[in-house]
Amino acid sequence: MGIELKSPRVYDFNLAWKKVFLAGSIEMGSAIDWQQVIIDRLSTKDYIFFNPRRASWDSSWEQSIDNPVFKEQVDWELKHLEESDIIVMYFDPNTKSPISLLEFGLFAKSGKLIVYCPDDFWRKGNVDVTCSRYNITTVSSLDDLVEKLEKLC
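It should be emphasised that the depicted structure is a prediction, and the values quoted were computed from it without experimental measurement.

The rules behind the values
- Residues numbered from 1 in each chain as written.
- Predicted model: local features only at pLDDT ≥ 70, side-chain atom pairs only at ≥ 80, totals over all residues.
- Heavy atoms only, no water.
- Buried < 20%, exposed > 50% of the residue type's maximum accessible area, 1.4 Å probe, protein only.
- Helix = DSSP H or I, 4+ residues; strand = E, 2+ residues; numbered from the N terminus.
- Pairing = 2+ DSSP bridges.
- Right-handed = clockwise from strand over helix to strand, strands pointing away.

A. Here's a closer look at the pairing of strand 5 (residues 113-116). Burial of the side chains of strand 5 extends over both faces: Leu 113 and Val 115 are buried on one face and Ile 114 and Tyr 116 on the other. In the sheet, strand 4 (residues 86-90) pairs with strand 5 via four bridges, with the strands oriented parallel. Bridge pairing links Met 89 to Val 115 in strand 5. One crossover worth recording links strand 4 to the parallel strand 5 by way of helix 3 (residues 98-107), and it is right-handed. Where strand 5 lies against strand 6 (residues 137-139), three bridges are found, and the strand directions are parallel. Each residue of the ladder has a partner; that of Ile 114, found in strand 6, is Thr 137. Tracing the backbone out of strand 5, into helix 4 (residues 124-133) and back to the parallel element strand 6 gives a crossover that is right-handed.

And the structure:
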C-alpha cells in the first residue's frame, strides 16, 4: 500500500502515513538501487517514500544554482528531508557519497535518522562516531533496516 514519490513530484495529498526519506548513496552505476529494495519489501505498509533517485537524472547537468533543473532537485531533496518523519540513510561502500554525508550532518541532531553504514564504507569511522554522539539509530544490514521500518509502522 506504500506510495513512492520521486523528484520532482511534490507531496500534495493528505494521508496520516509516516513519511520516509530514502537518503544515502545514489551514484548511478556505483550504488545499488537500495531504495527500490526498501520500497518493494515494505510495499504493504502505510508509508510515503520520498525517493531522490530521479529517473530522468542527467549527470552532465551543470551543478549550479543557476541551473533550474539541478536547483529543483536539490530543493526537492531538502524540502522532503525536512518534512519526513524518518530519514533512512545508507552508505554504499562502492561510493564516496559526499551529498549523503552532507545530509547526514544536516540531520544528525534531528532524531529522525536510521543509518546503515557497512564496515567498508570509506568514512565508516566518522559515521559511527557521529551516530554514537547523537544517539542515532544504526542497523547492520538492509534486512535489519527493513525490519526496523516494519516495526515503526
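Structure shown, so let's carry the discussion forward.
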